[in-house]
Amino acid sequence: MHVDTTDLRLLRIFLTIAESGGFAAAQSELNLSLPTISSHMAALEGRLGLTLCRRGRAGFALTAEGNAIYEEARHLFLALDRFEQRARALQNRMSGTLTLGIVDNTITDPHLPLERVFARFAEAAPEVVVSIVTRPPSELLRDVVSRQLQIAIGSFPRVALGLDYTDLYTEQQNLYCGREHPLFAAEDASITIELVRQHRIVARSYWGLRDLKVFAIAAPRAVVSDMESTARLILSGAYLGYLPDHYAAPDAQAGRLRAIRPDLFGTKALFQAATVPESKAEPMVALFLDLLAEETGR
């Protein structure tokens, strides 16, 4: 079947009907009479050679084929919308500077393929200068609020009012110890919260010392502002601390680090892109966020 503009119009009508829950429910949205809607559906089913929905006394319902066509049509129009957005961006020849803030040590994270985002962005907006800074989450949000940054990407323990947040993915984090630590050779079953409390635990300042709450410890024995410092303290064998699994993986595979009781101490950090609402109207920001959502599977 060769899809032409008439087919696209029929598919849009079908999407509206499916999302409205029936012909009558879609009337106001489509501004069409019931006989006209029925005629358009019959034409689409004829073009496809499929029965897309059943309607009658039992009510409206999509067939299995109708559900499949609905999903494909939805993806088709999302792709068309993205194409139109990017075409407009090229016509406008975007220029200027896109200011981004990213938390540290994300290059090992398979869920955040920024290199692909940057490559596609550079192709679509070749005249835009990309300016990137790496800072703790709270500082990134502060700089977005003050308009020093247009987009911040990270896991944000505190919510800054007035910003829009786009969920990207979740990062798995675990409590780790180094090879020289007394708990390295201990059986997981023997490790309890009470036992862990007896050892030095690294607190991350950018997480508001939340790492200590589960252990009910009043004050940390070490405070860090970045992930690399956490890793160095853990590798010393004198401290326990939280690391993302993707970051700890090379040392864990080499036998230098070990995750302790993932079932008890494991946690997930939600990664988001934060912007001021007005920034989303800027073509370069909208394009970058669109590409970021695509590459992270959102």
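Rules of the game
Residues numbered from 1 in each chain as written. Predicted model: local features only at pLDDT ≥ 70, side-chain atom pairs only at ≥ 80, totals over all residues. Heavy atoms only, no water. Core = buried A, V, L, I, M, F, W, Y, C linked by side-chain atoms within 4.5 Å. Buried < 20%, exposed > 50% of the residue type's maximum accessible area, 1.4 Å probe, protein only. Helix = DSSP H or I, 4+ residues; strand = E, 2+ residues; numbered from the N terminus. Contact = heavy atoms within 4.5 Å. Polar contact = N/O pair within 3.5 Å; in protein donor to acceptor, adjacent residues only side chain to side chain. Axes fitted to C-alpha atoms, helices over the stretch in contact; angles between N-to-C directions. Parallel < 35°, antiparallel > 145°, perpendicular 65-115°, else oblique. Left-handed = near helix turned anticlockwise from the far one by under 90°. Nonpolar A, V, L, I, M, F, W, Y, C, P; charged D, E, K, R; others polar. Arc of directions from axis to C-beta. Salt bridge = Lys/Arg side-chain N within 4 Å of Asp/Glu carboxyl O.

A. Seen up close, the nonpolar core. Of all hydrophobic cores here, the largest spans 35 residues; its most connected members are Leu98, Phe121, Ile151, Ile153, Phe288 and Leu292. Sorting the residues of this core by element identifies strand E3 (96-102), helix H5 (114-124), helix H6 (137-145), strand E5 (151-154), strand E6 (164-178), strand E11 (267-275) and helix H11 (283-295) as the ones contributing at least two each. Counting residues per element, this core draws most heavily on H11, at seven residues. Ignoring sequence-local partners within four residues, the contact set of Phe288 consists of Leu98, Leu100, Leu114, Val117, Phe118, Phe121, Ile151 and Ile153. In terms of nonpolar packing, the next biggest core, distinct from the first, is built from 19 residues, Ile17, Leu30, Leu44 and Tyr70 among them.

B. View of the side chain of Asn174. Here Asn174 lies in strand E6. Using a relative accessible area of 4% as the deciding quantity, one classes Asn174 as buried. Engagement of the side chain of Asn174 in a polar contact is seen with the side chain of Asp245, the distance being 3.0 Å. Sequence-distant contacts of Asn174, defined by excluding residues within four places in its chain, comprise Gly241, Tyr242, Leu243, Asp245, Ala259, Pro262 and Gly266.

C. Local environment of the packing of helix H1 (residues 5-20) against helix H2 (residues 23-30). Interhelical geometry of H1 versus H2 gives an angle of 125° and a closest axis separation of 8 Å. Between H1 and H2, the crossing angle belongs to the class labelled oblique. Seen along the crossing, H1 lies across H2 with a hand that is right-handed. Between H1 and H2, the residues in contact are Ile13, Thr16, Ile17 and Ser20 and Phe23, Ala25, Ala26, Glu29 and Leu30, respectively. Class assignment for the residues of the contact of H1 with H2 results in six nonpolar, two polar and one charged.

D. Layout of H6. The complete set of buried residues in H6 reads Pro137, Leu140, Leu141, Asp143 and Val144. Along the axis of H6, the buried positions cluster into a sector of 165°, meaning they face one direction only. Against E3, strand E4 (128-134), E5, E6 and E11 lie the buried residues of H6.

E. Region of interest: the environment of Leu30. Among the secondary structure elements, Leu30 is positioned in helix H2. Residue classification places Leu30 among the buried residues on the basis of a relative accessible area of 18%. Along the primary structure Leu30 and Ala42 are separated by twelve residues, whereas in three dimensions their C-alpha atoms are 16 Å apart. Contact partners of Leu30, with chain neighbours within four places excluded, come to Ile13, Thr16, Ile17 and Ile37.

F. Seen up close, the pattern of salt bridges. Counted by the stated rule, this structure contains 14 salt bridges. Salt-bridge contacts for Glu294 lead to Arg120; the nearest nitrogen and oxygen are separated by 2.9 Å. Placement of Glu294 in helix H11 and of Arg120 in helix H5 is noted, with a sequence separation of 174 residues between them. Take Arg120: its relative accessible area is 26%, and that puts it in the partly exposed class. With its nearest N and O atoms 2.5 Å apart, the salt bridge here joins Glu278 to Arg147. Within this pair, whereas Glu278 is found in the loop between E11 and H11, its partner Arg147 is found in the loop between H6 and E5, the two being separated by 131 residues in sequence. One salt-bridge network, in which partners are shared between bridges, spans Arg116, Arg120, Glu294 and Glu295.

G. A look at the packing of H5 against H11. In the contact formed by H5 and H11, the axes pass within 9 Å of each other and the chain directions differ by 140°. For the element pair H5 / H11, the angle class is oblique. By crossing handedness, the relation of H5 to H11 is classed as right-handed. Here Leu114, Arg116, Val117, Phe118, Arg120, Phe121 and Ala124 of H5 come into contact with H11, specifically with Met284, Leu287, Phe288, Leu291, Leu292, Glu294 and Glu295. Across the contact of H5 with H11, the residue classes break down as ten nonpolar, no polar and four charged.

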